[in-house]
Amino acid sequence: MISYAFDYARPTTVEDALAQLDDDAKLLAGGHSLIPALKLRLSAPAKLVDIARIPALKGIRQDGNELVIGAATTHKEILSSDLIKEHLPMFAEGAALIGDPMIRYKGTIGGSIAHADPSADWPAMVIAAEGTVVVQSKSGTRSIAADDFFTGFYMTALEEGEIITEIRFPVPAEGTRMTYQKFTQPASRFAIVGCAAVRKPDGSARVAFTGVSDAAFRDTGVEEAVGDWSTAAIEAAAAKTAEGMELNVDHFASEAYRHHLARVYCKRALVAISE
Amino acid sequence: MKTTINGQEYKFDPRADESAIEVLRERKQLTGTKLVCGAGVCGACTVLVDGTPMTACLLPAHALEGKSVQTIEAHGPDQLHPVQKAFMAHDALQCGFCTPGFIIEAIAFYDSWRKEHGKKEPDRDEVALALSGHLCRCGAYVGIYKAVQRAVAGDFDEVSEIESPRVEALAKVTGQARYTADVHVPGMLTGRILGSKHAHARIVRIDISAAVAMEGVKAVVEMLEDKYKVARYVGQPLAAVAAISEEIAAEALEKITVEYEVLPFVDSLDEALKPGAALVYPESSKNPPNASEGPIPPGKWEGNLRKPYLNLMMTTWPGKARRIVKEAGQDENLVLVQRTYRTPGQTHTSLEPHCAVAHWQEGSLTVHVSTQTVAPLARELAKYYKLNREQVTVLSEYVGGAFGSKQGFTTETRAAVELSRVTKAPVKVVYDRMEEMTIGGYRPLTKSDFSIVADKQGNLKAMTGYFYGDCGVAVQSQCAPWVRFTYTGVPKDVKDFDVVTNAAFAKPFRAPSGPASFWVLESAMDELAHRLGKSPVALRRHWDDSTIRMPLYDWIESLPAWQKRGEAGASAGRFKTGIGVAIGNWFNIYFSQAKVEVATTPGGLVVRTAAQDMGNGLRSVVAKAVAEEFGVSPLTVDVQLGNSEYVEGPVSTGSRGTNSIYQPSVEAARKVKEKLLANAASTLGLKDPHWENGGIFHEKGFLPAAEVFRQLPAVSVVEKRGGNGLFDVLGMMPSGELGANIVPKMTGSVFMAQVEVDTLLGRVKVQKVWAGMANGKIVNPELAQSQVYGAVIQGMGYALYEERISDPATGTLLTVGMEDYRIPGIGDIPEIEVHFHEGGFESVKGEACGLSELSFLAVAPAIGNAVFNATGWRPTEIPMRPHRVLEGLSMALPQVQEAKSVEY
């Protein structure tokens, strides 16, 4: 468990980071996913570009009708933020469930979504909260809707040479309710299943899952079935969880057991925000 | 670049790929920070960076630029933090390897909690959340809870003197205890091992030329010890490299090219028994490793199956037993329970991995090694390398967990010695976590066909048990003896079969196959009691031939939780609670040749023996035995262990430590005292000297112990334990290497567990365990209790979580990291009540018997029986992971399906 040799750079601006980010480089944020992978020699970048100390990538602010979270903002900073507690309470609740204290001190939201571990917590929450991932490259910036961002097993819509700079969320309308519910893999503390659910004042829902399939996904089948949020409707919606999808199987949960858990956690999430 | 470490500025120029833990442990030799999982899961490497706890193993060295780092060394013996004092006072540690990481995190928690809540005591859940990033394999969590709660509440803010029941606690809480993994010898090379990539392959050729030619590579040696040149499991050592750095050694391994002729393999017990299965040992001459501590009895091979020959010791009226079982179905006065049970491979997961530093010099071999068998290892090395015993020194001052996996001449030691023999330089070999999990050792997997018959009045009639053990490429899982020697006097046909598979070899793990045996026996016993409509405690009392357990049955029956227990499956609602009981039986083993030296020096008492302390407390037992004779504090006794130059002490296997060393320590201390008194009269001219209250009283006054040692000439006494006379059974274990004697009377336990089963999600929560132990005199109650806590926690891991899993397509182990192999964390543990019934072993010298293994045996079956009592569903397979519980419940209880649709 020792990595291949690599170079290290710690730029202080996004532009510097982009200049350093050549073909064989990888971005390093909190390091809790990347460094173990390097030690197992699953990944062999020639250079690590450490973006943990770029001020422009850090912090949480309101920008008009949007909340903006810098990519290098840590889980701990998010769960402690008053702005988050006020507008996106699901993020404070969910961030507190990530790993253990040391992971929360180091790990970042941008690192988590870029890594796109199929069991990571942020992807489901970012999808449910209608996030927009803002990325920058030498040729400029572009925005990717969270719905389109997670494309497969550890795969995202990011392209070579791009850095996630921030994730933007619409400020939820007054009366919006949201929750993140998670069944934890007890050794790694990743989600065996995680369900993020939002109920808007008009009664419409956004529901996303992680841990269930090869990538986090929005479940429109559940969203459509939730209807009037009656007990029967919630029951019916939860039953639709991950309908027709291929589910993950590992030694902590079989396909059937994972599906059972996903339905239970979907129902829990829907009930939690139903009133 | 510049950083600040423990308050001092440090300028250095790290490699780009260097990590913070290398800076601390290697550049700065701050070895209190431990490397365990290397993946940010276990927390052993936690340090404070600008006041925030971080895992040093995942932090690039460069990220420390301009930061301030605080390690455990910032809190030395003279600047103890209240948290460290609390860890000492509440015995919140055993082997001590995880301790610095826990303490650093707890200090950060102490600070943040105080800021927010002052001295209000945090509850257990709050402590569990704060320490959720840390793992302790010894299971010291009970003490850790108490220590953190009471430290935060202010108990230790003003305390200056701390008396710990564990004499080496100060060295462990300050990170000063030096483990083999911390040993650094100038000029030391790093050794790494190349493992087989295939589960079964003939090694046609190994080309080391490219590795040898690399700059910085000092030696490459062959490691495959198979006369047919066949690798039989993934990770089997093929070659080893010594180089001037770990990076070069790792690169050199990749430059070795191995030509494999891949052979078919079997990766599981069931596959191995199928007709036409690939053979692990197709050759006519088979020489499998031994997974047990005893000799391999003769057996006959049929494919991958190795059958025993008739063993008269192990069977009583076997034909009659088989006949009763066969006919029980037709006899309406008989009740038969007949099932197949399964238990998993349980990985030892010692936090200190297997490691050794060997230095072969002209005429001598010195080996630092993390081992349970200091003295026999020195003999074994001398024999293997044709040296005189005097030329070999084995050193093992502190051992960071072993649990059975670190016995004798192990692979990492062989690699280190072979590489040092070639290079003549000191060579250090430390398993990384993947190696530790793959080839470091595990408890065998078992599948057992078991039948038990009683008549309707509850009289036990017969048992048959056929135990199939999967020790990987090894043999000797040995479940049958425990069934043979429990509930005796009835016809029994019990036999062990070995099934070899292409997996790394199993090793003894705390009560080797006893936990599997008692899982089977005690689950079946409980089911039979239920079928007979009898109290399972009363029925055990009726069957039990051991008087030693009778007071423990009384104790269980006196507990309100037992008296209030409901009928099986009567618990209503989604969360069902239940109570279960099980017993354990353990051989009472000791080493009659064990010796200890007690000496005085002008500075005080010194005790030496070539034994070792893996965290189970041998050091403290010896210190206490001697200190009590002199009426002084055990902390003033300098106990020196872990050096094969000393007189030979016991190995740390078979729960024999206390039984072997306690009595000779007392005797030697007594004799030293007599000599001192004689000298006091002859050299100091004291009249009527006698020893009392920590010193010599004489006609004219009192000379305290410290003065006695300073003024009188040094004396030394070596004392041997010796046998128990007629009460010994000799020769049940090879006396040469792991010498042992056995007292026929076994030690006994009765355990009770209370569980809550979530019938919607399948989770089993153990709420409380009552541990009743009868193992004679308890020498050091606090440490004995800590041992039992640890066994309950490891036993709960075995019952509920832990399971080795390999990839059927390749035979590669999947549970190679601590993020995949789940050991209990602090938030999992139940309340634990320990009850010792002392006495009953007057025939044993010192009257004190071992307890480490005894305390493990009954945990899993007590939990399984409680799950049955809660739900009415009988588990036969462990671990009882949630999906298994749900599947079991759905089959047993149709109403569970219904419950799922209405609850959430």
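Keep in mind that what you see is a predicted model, and the values were worked out from it rather than measured. (Residues numbered from 1 in each chain as written. Chains lettered and ligands numbered in written order. Predicted model: local features only at pLDDT ≥ 70, side-chain atom pairs only at ≥ 80, totals over all residues. Heavy atoms only, no water.)

When helices and strands are counted, chain A shows 12 helices and 14 strands. Expected size for 275 residues packed as a compact globule is a radius of gyration near 19 Å; at 18 Å, chain A falls within 12% of this value. For chain A, the spread of C-alpha atoms along the three principal axes comes to 60 × 45 × 35 Å. Expressed as a percentage of its 275 residues, the buried residues of chain A come to 59%. Of the contacts made within chain A by residues no fewer than 6 positions apart, 62% connect residues no fewer than 24 positions apart. (Helix = DSSP H or I, 4+ residues; strand = E, 2+ residues; numbered from the N terminus. Rg over C-alpha atoms; globule rule 2.2 N^0.38 Å. Buried < 20%, exposed > 50% of the residue type's maximum accessible area, 1.4 Å probe, protein only. Contact = heavy atoms within 4.5 Å.)

Below, the discussion takes up the environment of B:Val632. Here B:Val632 shows up in the loop between α19 (618-630) and β27 (638-640). With 27 residues separating them along the chain, B:Val632 and B:Leu605 place their C-alpha atoms 10.0 Å apart.

All right, on to the pattern of salt bridges then. All names here are of chain B. Applying the stated criterion to the full structure yields 74 salt bridges over all chains. Put simply, Arg339 and Glu527 hold a salt bridge, and the shortest N to O gap is 2.7 Å. Placement of Arg339 in strand β14 (residues 334-343) and of Glu527 in helix α15 (residues 514-532) is noted, with a sequence separation of 188 residues between them. A salt bridge links Arg874 to Glu527; its shortest N-O distance comes to 3.9 Å. Here Glu527 lies in helix α15 and Arg874 lies in the loop between α25 (859-871) and α26 (882-892), a separation of 347 residues in the sequence. (Salt bridge = Lys/Arg side-chain N within 4 Å of Asp/Glu carboxyl O.)

What follows covers the sheet that holds strand β29 (residues 695-698) of chain B. Overall, antiparallel pairing links the three strands, which are arranged β28-β29-β30 (chain B) in an open sheet. Because the sheet does not close on itself, it has two edges, and the strands there are β28 (690-691) and β30 (701-704) of chain B. (Pairing = 2+ DSSP bridges.)

A few words on the packing of α15(B) against α25(B). Residues and elements named next belong to chain B. Two elements in contact, α15 and α25, have axes separated by 8 Å at closest approach and are oriented at 30°. Both α15 and α25 take part in a crossing whose hand is right-handed. Contacts between α15 and α25 involve Phe518, Trp519, Glu522, Ser523, Asp526 and His530 on the former and, on the latter, Ala860, Pro861, Gly864, Asn865 and Phe868. Class assignment for the residues of the contact of α15 with α25 results in five nonpolar, four polar and two charged. (Axes fitted to C-alpha atoms, helices over the stretch in contact; angles between N-to-C directions. Left-handed = near helix turned anticlockwise from the far one by under 90°. Nonpolar A, V, L, I, M, F, W, Y, C, P; charged D, E, K, R; others polar.)

Turning our eyes to something else, we now look at the interface of chain B and chain A. Every contact between the two is made by 57 residues of chain B and, on the other side, 42 residues of chain A. Roughly 4,000 Å² of surface becomes buried between chain B and chain A when both sides are summed, with 60% attributable to carbon and sulfur atoms. For the pair chain B and chain A, the number of links is two salt bridges. As a salt-bridge pair, A:Arg41 and B:Glu254 come within 3.0 Å of each other at their nearest N and O atoms. Among the secondary structure elements, those contributing two or more residues to the side of chain B that touches chain A are β4 (52-55), α4 (124-130), α8 (246-255), α13 (433-439), α26 and α27 (894-902) of chain B. The class makeup of the residues in the side of chain B that touches chain A is 25 nonpolar, 13 polar and 19 charged. (Buried area = accessible area lost by both parts, 1.4 Å probe.)

On to the domain arrangement of chain B. Interface extent is often summarised as the accessible area lost during association of the parts. Residue and element names in this part refer to chain B. In terms of domain boundaries, chain B breaks down into domain 1 (75-176), domain 2 (189-263 + 354-430), domain 3 (299-348 + 442-532), domain 4 (536-585 + 745-898) and domain 5 (595-722). On a C-alpha basis, the centres of domain 2 and domain 5 stand 39 Å from each other. Across the contact, 21 residues belong to domain 2 and 14 residues belong to domain 5. Summing the contributions of domain 2 and of domain 5, the shared interface buries around 1,300 Å²; its carbon and sulfur component is 49%. Scanning the region where domain 2 abuts domain 5 turns up one salt bridge. Across the pair Glu648 and Arg379 runs a salt bridge, and its minimum N-O distance is 2.8 Å. At the surface where domain 2 touches domain 5, the tally comes to nine residue pairs in polar contact (both at pLDDT 80 or more). Elements with a contribution of two residues or more to the side of domain 2 that touches domain 5: α11 (374-384) and β18 (392-395). Counting residues per element, the side of domain 2 that touches domain 5 draws most heavily on α11, at five residues. (Domains from an automatic or database assignment. Polar contact = N/O pair within 3.5 Å; in protein donor to acceptor, adjacent residues only side chain to side chain.)

With respect to the element layout, B:Gln94 can be found in the loop between α2 (82-89) and α3 (99-117). Ignoring sequence-local partners within four residues, the contact set of B:Gln94 consists of B:Cys138, B:Gly139, B:Ala140, B:Arg166, B:Lys172, B:Gly615, B:Ser786, B:Gln787 and B:Gly790.

Quick look at the nonpolar core now. Residues and elements named next belong to chain B. By size, the foremost hydrophobic cluster in this structure holds 157 residues, and its most contacted members are Phe87, Ile144, Phe450, Phe751 and Ile863. Ignoring any residue separated from it by four or fewer positions in sequence, one finds Phe87 in contact with Ala92, Leu93, Thr99, Phe102, Ile103, Ile144, Ala147, Val148 and Val173. Of all hydrophobic cores here, the second largest spans 50 residues; its members include Tyr233, Tyr281, Leu365 and Leu381. (Core = buried A, V, L, I, M, F, W, Y, C linked by side-chain atoms within 4.5 Å.)

Turning next to the environment of B:Tyr341. Inspection of the secondary structure assignment puts B:Tyr341 in strand β14. A C-alpha to C-alpha distance of 9.8 Å links B:Tyr341 and B:Leu521, two positions 180 residues apart in sequence.

Counting across every chain of the model gives 32 aromatic pairs over all chains. Ring geometry for B:Tyr468 versus B:Phe497: centroids 4.8 Å apart, planes at 15°, classification stacked. Residue B:Tyr468 is located in strand β22 (residues 460-470), and its partner B:Phe497 is located in strand β23 (residues 492-499); the two are separated by 29 residues in the primary sequence. This pair shows no difference in class: B:Tyr468 is buried, exactly as B:Phe497 is. Through a chain of ring-to-ring contacts, the aromatic side chains of B:Trp360, B:Tyr384, B:Tyr385 and B:Phe409 assemble into a single cluster. Note that A:Arg41 overlies the ring of A:Tyr4, its terminal NZ or CZ placed 3.9 Å from the centroid. Across from the ring centre of B:Trp301, 5.6 Å away, lies the NZ or CZ of B:Lys286, which sits over that ring. (Phe/Tyr/Trp six-rings, centres within 6.5 Å; stacked < 30°, edge-to-face > 60°. Lys NZ or Arg CZ within 6 Å of the ring centre and 35° of its normal.)

Moving on, we get to the sheet that holds strand β12 (residues 191-199) of chain A. Residues and elements named next belong to chain A. With antiparallel pairing, four strands are arranged side by side in an open sheet as β11-β12-β13-β14. Edge positions in the sheet fall to β11 (177-184) and β14 (217-218), since each has one partner strand and no second. One ladder, built from two bridges, connects strand β13 (residues 205-210) with β14; its direction is antiparallel. Bridged to Phe209 within β14 is Phe217.

Residue and element names in this part refer to chain B. Mean pLDDT over chain B: 94, with 97% of residues reaching 70 or higher. This stretch, residues 730-737, has a pLDDT under 50; its non-local contacts, to residues over four places away or in other chains, come to 15 contacts. Across residues 896-904, where pLDDT falls below 50, the model places 19 contacts with residues more than four positions away in sequence or in other chains. In the model output, the complex is listed with pTM 0.96 alongside ipTM 0.92. (pLDDT = per-residue confidence, 0-100.)

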